[in-house]
Amino acid sequence: MTDQSVIVDVMTTFRPSMPRKSAVRKPVRRRRAVAAARGTAGQPEDRKVRSAARREAILTAALDEFSARGFEAARLDDVAKRAGIAKGTIYLYFRDKENLFQELIRTMLTPLVGTIEAMGQADLPLAALADRIADMFVREVYETRRKDVVRLMISEGRRFPKLAEFYYREVLSRIIAAVRALLQRAAARGEIAEGLAEFPQIIAAPGLIAIIWSGLFERFEPLDVRKMMRVHLQLLFEARKS
C-alpha cells in the first residue's frame, strides 16, 4: 500500500462532518414512514428525532447570536427567537449560557479533533501529509461555521477564562498532542529540525491568520488560504533538505 493510499484511507475513515438540516430531515421522513406502518410504535423514535433537531436548531441560533453580539451581550431570549422556540425550552437542553457555548464548541469541533488525532497516529512522511493538512483545514474549518467558533474564542477567550480553559481542554490540548507526536516521529526520521517538534502551534499559525484576516481584511484583499497553508508547510517540512 502506498503512502498516498494510506493518507486517503485515514482521511476517508475519520473525515468529520458538519451538521446539516438535510441530515435531520431524511431520518425524520424514514421514521415517519415506519411509524405509519407500525401504528404508534414509532412515536418515541419520532420524539427523539424532533428533540435532536430542536437541539441542533438551538446550537445554530446560539452561534448566530454569539457571532453577532459576542458572548457577554448575547441573550438567551434572542437565541430562542432565532430558534423559533420559547426561552424555557433552552433549559431542557442546556444549563445556562456558558453551558450552551461549551456544547457548541464540543458539538462542532470534536469530530475535527478526532480526525486530527487519527492523522497524528499515521506513521507517514510528513511531506506526504502536507497537502492533506491544508485541504482539511480549508474544507473542515475555513469553509464551514467552525471558523466562527474559532473566531469567537480568539475574541472572547481573554475576557472569559473558563471558556478558554474549556476550549483548551476539549480542543487545543488534544490537537497539540496529536501534532506533536507527528512532528516527533518526523524529527526522528530527520525530516524536520528537532526544535519544530517542541512547537506544534507553528503548524496552525497560518490558519489563525486566515481566520482573523477573513473577518477584518478579506474585502480589501482576498486570501488564498489553501495556497498559503501549503507554502507554509513546504517551508517547514522542506527546510531540512537544504
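Thresholds applied
- Residues numbered from 1 in each chain as written.
- Predicted model: local features only at pLDDT ≥ 70, side-chain atom pairs only at ≥ 80, totals over all residues.
- Heavy atoms only, no water.
- Buried < 20%, exposed > 50% of the residue type's maximum accessible area, 1.4 Å probe, protein only.
- Helix = DSSP H or I, 4+ residues; strand = E, 2+ residues; numbered from the N terminus.
- Axes fitted to C-alpha atoms, helices over the stretch in contact; angles between N-to-C directions.
- Parallel < 35°, antiparallel > 145°, perpendicular 65-115°, else oblique.
- Left-handed = near helix turned anticlockwise from the far one by under 90°.
- Contact = heavy atoms within 4.5 Å.
- Phe/Tyr/Trp six-rings, centres within 6.5 Å; stacked < 30°, edge-to-face > 60°.
- Lys NZ or Arg CZ within 6 Å of the ring centre and 35° of its normal.
- Core = buried A, V, L, I, M, F, W, Y, C linked by side-chain atoms within 4.5 Å.
- pLDDT = per-residue confidence, 0-100.
- Nonpolar A, V, L, I, M, F, W, Y, C, P; charged D, E, K, R; others polar.
- Lys, Arg positive; Asp, Glu negative; His and termini not counted.
- Salt bridge = Lys/Arg side-chain N within 4 Å of Asp/Glu carboxyl O.
- Expected span 1.5 Å × (residues − 1).
- Bend = angle between axes of the 7 residues up to and from the residue.

## Here we look at helix H4 (residues 76–83)
Inference 1: For H4, the set of buried residues is Leu-76, Asp-78, Val-79, Ala-80 and Ala-83.
Inference 2: Just past H4, the residue Gly-84 takes up positive phi, approximately 70°.

## Considerations on the packing of helix H6 (residues 97–120) against helix H8 (residues 146–156)
Inference 1: Interaxial distance between H6 and H8 falls to 10 Å at its minimum, and their mutual angle equals 125°. The angle between the axes of H6 and H8 places the two elements in the oblique class. Considering how the two elements wind past one another, H6 and H8 form a crossing that is left-handed. Together, Phe-101, Ile-105, Met-108, Leu-109, Pro-111 and Leu-112 of H6 and Arg-146, Val-149, Leu-152 and Met-153 of H8 make up the contact between the two elements.

## Section: the packing of aromatic side chains
The geometry of two aromatic rings is summed up by the distance between their centres and the angle between their planes.
Inference 1: Counting across every chain of the model gives 7 aromatic pairs.
Inference 2: Taking the centre distance of 6.4 Å and the plane angle of 40° together, the rings of Tyr-93 and Phe-94 count as tilted.
Inference 3: Given a relative accessible area of 21%, Tyr-93 falls into the partly exposed group.
Inference 4: One Lys or Arg, Lys-97, reaches over the ring of Phe-71 and ends 4.8 Å from the middle of that ring.
Inference 5: Here Lys-147 stacks its cationic end above the ring of Tyr-142, 4.5 Å away from the centre of that ring.

## Structural notes on the nonpolar core
Inference 1: Residues Phe-66, Leu-100 and Ile-105 are the most contacted members of the largest nonpolar core, which totals 63 residues.
Inference 2: Mapped onto this core, the elements with two or more residues apiece are helix H3 (43–73), H4, H6, helix H7 (126–142), H8, helix H9 (161–188), helix H10 (201–216) and helix H11 (225–238).
Inference 3: Aside from chain neighbours lying at most four places away, what touches Phe-66 is Phe-71, Ala-74, Lys-97, Leu-100, Phe-101, Leu-104 and Leu-152.

## Notes on the confidence of the model for the protein chain
Inference 1: Per-residue confidence for the protein chain averages 84 on the pLDDT scale, and 81% of its residues sit at or above 70.
Inference 2: Low pLDDT (under 50) marks residues 10–14, which in the prediction has 9 contacts with non-local residues, meaning those over four places away or in another chain.

## Let's talk about the packing of H8 against H10
Inference 1: At a minimum axis separation of 10 Å, H8 and H10 run at an interaxial angle of 90°. On the basis of the axis angle, H8 is roughly perpendicular to H10. Residues Lys-147, Val-150, Arg-151 and Ile-154 of H8 touch H10, and the partners they reach there are Leu-208, Ile-211, Ile-212, Ser-214 and Gly-215.
Inference 2: Partitioned by chemical class, the residues of the contact of H8 with H10 number 5 nonpolar, 2 polar and 2 charged.

## A look at the side chain of Lys-147
Inference 1: Here Lys-147 shows up in helix H8.
Inference 2: For the buried residue Lys-147, which engages in no salt bridge, the nearest side chain bearing the opposite charge is Asp-148, 5.6 Å off.
Inference 3: Residues within four places of Lys-147 in sequence aside, it is in contact with Val-141, Tyr-142, Ile-211 and Ser-214.

## Digging into H3
Inference 1: The first and last C-alpha atoms of H3 sit only 39 Å apart over 31 residues, clearly below the 45 Å expected at 1.5 Å per residue.
Inference 2: Within H3, the axis deviates most sharply at Ser-67, by approximately 85°.

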